[in-house]
Amino acid sequence: MLNSFNILKKPHIILKKSDIQVSHRAMVGETTVAESSDTVSVEGNQYFPPDAVEWDLLEASDRTSVCPWKGVANYYDVIVDGQRLPAAAWSYKTPSDAAQQIGGHVAFWKGVKVVKS
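Residues numbered from 1 in each chain as written. Predicted model: local features only at pLDDT ≥ 70, side-chain atom pairs only at ≥ 80, totals over all residues. Heavy atoms only, no water.

> How should the sheet that holds strand β6 (residues 71–80) be read in this particular structure?
Adjacent strands of a sheet form backbone hydrogen bonds with each other and so pair up, either parallel or antiparallel. If you walk across this open sheet you meet the four strands as β5-β6-β7-β8, and the pairing is antiparallel. Of all the strands in the sheet, just β5 (58–67) and β8 (106–108) have a single pairing partner and so form its edges. Within the sheet, the average angular offset between the axes of one strand and its neighbour, ignoring direction, is 35°. Sheet analysis places β6 next to strand β7 (residues 83–91), joined by six bridges and oriented antiparallel. Bridging across to β7, N74 finds its partner in S91. (Pairing = 2+ DSSP bridges. Helix = DSSP H or I, 4+ residues; strand = E, 2+ residues; numbered from the N terminus. Axes fitted to C-alpha atoms, helices over the stretch in contact; angles between N-to-C directions.)

Structure below.
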């Protein structure tokens with residue numbers, strides 16, 4: 001039986017920073033939206049620290065979603081060279097206790113390519 005305790009516990013998911021310094025870059029075409037060697041990997045997504053993000057390329061969206069174990073995600077549109085990628089970035093401003101490592105960090109999808117650099 002699956003209950004809310006099992007969902008929130010998520011024992012198979014580990015929040016970790018790599019012991020090996022690997023830099024990641026979030027890109028739209030040739031434009032770098034974020035770059036850091038201090039990302040946090042969660043569920044296959046790289047979360048970039050706030051100071052690694054080119055905030056002038058992001059615009060806050062009204063969209064939110066709720067993760068049972070991370071909390072409320074706030075979304076951003078990514079705008080590069082006049083191209084708007086709606087809700088292509090997200091962040092947990094006030095994450096749950098289990099996800100404190102990604103508080104304020106930003107992850108990307110929907111047209112933003114994240115690569116090792």
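> For this particular structure, what's the right way to read the pattern of salt bridges?
A side chain with one charge can pair with a side chain of the opposite charge if their charged atoms come near. All chains considered together, the criterion is met by four salt bridges. Ionic pairing is found between K70 and E43, a salt bridge with its closest N-O pair at 2.6 Å. Placement of K70 in the loop between β5 and β6 and of E43 in the loop between β3 (40–42) and β4 (45–47) is noted, with a sequence separation of 27 residues between them. A salt bridge links E59 to R84, with the nearest nitrogen and oxygen atoms 3.1 Å apart. (Salt bridge = Lys/Arg side-chain N within 4 Å of Asp/Glu carboxyl O.)

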